[in-house]
Amino acid sequence: MSGATATLAGHGGSVSSRYEDSSATREPTWVKWTLVTISLSFFSFFLLLPLFAVFTEALRKGWDVYWAALVEPDALSAIKLTLIAAAIAVPLNLVFGVAAAWSISKFQFPGKQFLITLIDLPFSVSPVVAGLIYVLIFGRQGWIGGWLMDHDIKILFAIPGIVLATTFVTFPFIARELIPLMEAQGKEEEEASIVLGATGLQTFWHVTLPNIKWGLIYGVILCNARAMGEFGAVSVVSGHIRGETNTMPLHVEILYNEYQFAAAFAVASLLALLALLTLAVKTFVEWQAGKSNNQSDKEE
Amino acid sequence: MSIQVKNINKRFGDFVALDNVSLDFPTGELTALLGPSGCGKTTLLRVIAGLEFADSGNVLLEGEDASDTHVRERNVGFVFQHYALFRHMNVFDNVAYGLRMKPRKTRPAETEIKRKVHDLLNLVQLDWLADRFPSQLSGGQRQRIALARALAVEPRVLLLDEPFGALDAKVRKELRQWLRRLHDELHVTSIFVTHDQEEALEVSDRVVLMNHGKVEQIGTAQQVVETPATPFVSEFLDLRDHGPEWLIAAKLRHRGFELKQATTDRSAA
């Protein structure tokens, strides 16, 4: 889902041209075009068509309705909440992700394999279950729900719950991106830096960070996209209070259930735009990462 | 500066990398650690640098016990087999790195750093590459830059881990002669690890032969060739594997040695 894509992307062109250049690996023309046709039509039918539909439906009743749906207070509040949740969850996962990737790729310790498995947990567990975990812990009948009530701390059905659920679901993105990258780079450059008298922090800042830069940015983009789009886990802990605990995906659902299709699609189109923007940035990052990968390849 | 190691032991799991190794590296000498792969030579070098810690035994730098000193404080220069240049920095920044990372109090001014880096780049004859990135250099050039980078912090000792191992044969030969001349100029105590007999004999003042984590023989090129101390040494140094004997003899003579016994033995046989 993540790891290989960033590193492979840069080589895409050269690998495929290598295959086509060699008569040993070249397939007959009909195979090539059948495969290309299948993937392209699948792609258009399942991805492009819905994307197109979102924007047509959103603009069906004209720009005025579209705009009105976006500046309506509940919609604004949903946008704001989504941004807040992402603004907290992404930096948190940035720190956790780098720390986890660092410890896994640079240290030997008992329970390392367990930690790697644990990082993947949010990918393998249903988001609804992730939300329910927090209900179990913080809910009124939950483990520490009573204590929280006594101290008037609201986590469930409030912003903290939404942030927690978002952080949980988006945790693997950055760590998963960095681990293979850091493992591939090894620790020689860090050793060289330390021998030259640099402190651990200097080494991290001047050597490690520049080397993982593109992988890190790539992970942040994916993490952010998922944080803003997360539905299941957030839905369980949010409580769906309009204008208070609704994020954009939840707001879309509510509007849709109330048959306000144009408004629902209008908000959905914002999320779609975010996805397109993510893709654009991602493509740029992959291109950059590809360039620096090619450089380091030559170094070997 | 002199280096001493005393009773160094190091295991990796069941594998004994260093078995009670004690050695003396006198000031200003260029010593080769020679042996087959897995004999513990690289581990010993890394223990001296402080990149690896021995299970027991001491490392003495200038008679001072450095076993508990952090790598950062040991002030050693280390050259890696695969160069380990910082790939995102150009050549100038790579060489300047050690100076720039010094604490503010001891850090030289930027103009001073600039002068020093250019001096070093001139020393390794690559000043014209200052703006290039490591990926734009050939292997031999990279290794010379790595050496300049290690020398920038004025290390008390220079440790080279198979410095020419990743280079092709021709560049390797050029570079080792160059390293020898450089050492004659700088006279910094140096240890280099190699599995190449010819390289060790040609470049070093003294050769330390190692096998299975133990020292088999210590001596000049002439001594180890003429009077191998153990069957392992005579087998490992077997000159028949390394081209015509006169070539080796000529090389050793170039380093001021006479290769008497080996040649006479062979002609008698």
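What you see is a predicted model; the values in this text were computed from it and never measured. (Residues numbered from 1 in each chain as written. Chains lettered and ligands numbered in written order. Predicted model: local features only at pLDDT ≥ 70, side-chain atom pairs only at ≥ 80, totals over all residues. Heavy atoms only, no water.)

**Some thoughts on the nonpolar core**
Residue and element names in this part refer to chain B.
1) Next: Counting residues in hydrophobic clusters, the biggest one holds 49 residues, and the most contacted among them are Val95, Ile145, Leu147 and Leu209.
2) Next: Ranked by residue count, the leading element in this core is helix H5 (residues 139-151), at six residues.
3) Next: Non-local contacts of Ile145, meaning those with residues more than four positions away in its chain, are made with Leu85, Val91, Val95, Leu121, Leu126 and Leu137.
4) Next: Formed by 41 residues, the second largest nonpolar core is a distinct cluster that contains Met1, Leu18, Leu23 and Met101. (Core = buried A, V, L, I, M, F, W, Y, C linked by side-chain atoms within 4.5 Å. Buried < 20%, exposed > 50% of the residue type's maximum accessible area, 1.4 Å probe, protein only. Helix = DSSP H or I, 4+ residues; strand = E, 2+ residues; numbered from the N terminus. Contact = heavy atoms within 4.5 Å.)

**Examining the packing of helix H5 (residues 73-106) of chain A against helix H13 (residues 248-257) of chain A**
Residues and elements named next belong to chain A.
1) Next: In contact at an axis separation of 8 Å, H5 and H13 are set at 150° when each is read in the N-to-C sense. On the basis of their axis angle, the class for H5 and H13 is roughly antiparallel. Packed against H5, whose contacting residues are Asp74, Ala75, Ala78, Ile79 and Thr82, the element H13 presents Met248, Pro249 and His251 at the interface. (Axes fitted to C-alpha atoms, helices over the stretch in contact; angles between N-to-C directions. Parallel < 35°, antiparallel > 145°, perpendicular 65-115°, else oblique.)

**Examining the sheet that holds strand S10 (residues 214-219) of chain B**
Residue and element names in this part refer to chain B.
1) Next: Read across the sheet, six strands follow the order S6-S7-S8-S3-S9-S10 without closing on themselves; strand pairing throughout is mixed. For this open sheet the edge positions go to strand S6 (76-79) and S10, each flanked by a neighbour on one side alone. Across this sheet, the average inter-strand angle for adjacent strands is 15°, counted without regard to direction.
2) Next: Where strand S7 (residues 157-161) meets strand S8 (residues 189-194), five bridges bridge the pair, whose relative direction is parallel. Paired with Leu160 across the strands is Phe192, a residue of S8. (Pairing = 2+ DSSP bridges.)

**Side note on the pattern of salt bridges**
Residues and elements named next belong to chain B.
1) Next: A complete count under the given rule lists 28 salt bridges over all chains for this structure.
2) Next: Across the pair Glu29 and Arg206 runs a salt bridge, and its minimum N-O distance is 3.1 Å. With Glu29 in the loop between strand S2 (15-25) and strand S3 (30-34) and Arg206 in strand S9 (residues 206-211), the pair connects residues that are 177 residues apart, well separated along the chain.
3) Next: For Arg206, a relative accessible area of 17% corresponds to the buried category.
4) Next: For the salt bridge of Arg176 with Glu202, the shortest nitrogen-to-oxygen distance reads 3.2 Å. Linking Arg176 in helix H6 (residues 169-186) with Glu202 in helix H7 (residues 197-203), this pair joins segments that are 26 residues apart in sequence. Per residue, the accessibility class of Arg176 equals that of Glu202, and both read buried. (Salt bridge = Lys/Arg side-chain N within 4 Å of Asp/Glu carboxyl O.)

**Describing the domain arrangement of chain A**
1) Next: As assigned here, chain A comprises domain 1 (11-58) and domain 2 (62-299).
2) Next: A C-alpha centroid distance of 30 Å is found between domain 1 of chain A and domain 2 of chain A. (Domains from an automatic or database assignment.)

**Description of a nonpolar patch on the surface**
Residues and elements named next belong to chain A.
1) Next: Residues Leu40, Phe42, Phe43, Phe45, Phe46, Leu47, Leu48, Leu49 and Phe52 make up a contiguous nonpolar surface patch of about 980 Å² in total accessible area.
2) Next: Note that Phe45 resides in helix H3 (residues 29-59).
3) Next: On the basis of relative accessibility, which here comes to 53%, the residue Phe45 falls in the exposed class. (Patch = residues over 30% accessible without salt bridge, like charges linked within 9 Å, V, L, I, M, F, W, Y side chains within 5 Å. Areas by Shrake-Rupley, 256 points an atom, 1.4 Å probe, with all protein chains shown as cover.)

**Section: the packing of aromatic side chains**
What characterises a pair of aromatic rings is the spacing of the ring centres plus the angle enclosed by the ring planes.
Residue and element names in this part refer to chain A.
1) Next: Taken as a whole, this structure holds 15 aromatic pairs over all chains when the rule is applied.
2) Next: Here the aromatic rings of Tyr134 and Phe168 are separated by 6.2 Å at their centres, their planes lie at 85°, and the arrangement is edge-to-face. Taken together, the positions of Tyr134 in helix H7 (residues 127-138) and Phe168 in helix H9 (residues 159-185) put the pair 34 residues apart, joining distant regions of the chain. Comparing Tyr134 with Phe168, the two get one shared label, buried.
3) Next: Each ring, one from Trp214 and one from Phe284, has its centre 6.4 Å from the other, and the planes form 80°; the classification is edge-to-face. On the criterion of sequence distance, the pair formed by Trp214 in helix H11 (residues 200-229) and Phe284 in helix H14 (residues 261-299) is long-range, its members being 70 residues apart.
4) Next: Residue class for Phe284 comes out partly exposed when judged on its relative accessible area of 42%.
5) Next: What links up through ring pairs into an aromatic cluster is the set Phe42, Phe45 and Phe46. (Phe/Tyr/Trp six-rings, centres within 6.5 Å; stacked < 30°, edge-to-face > 60°.)

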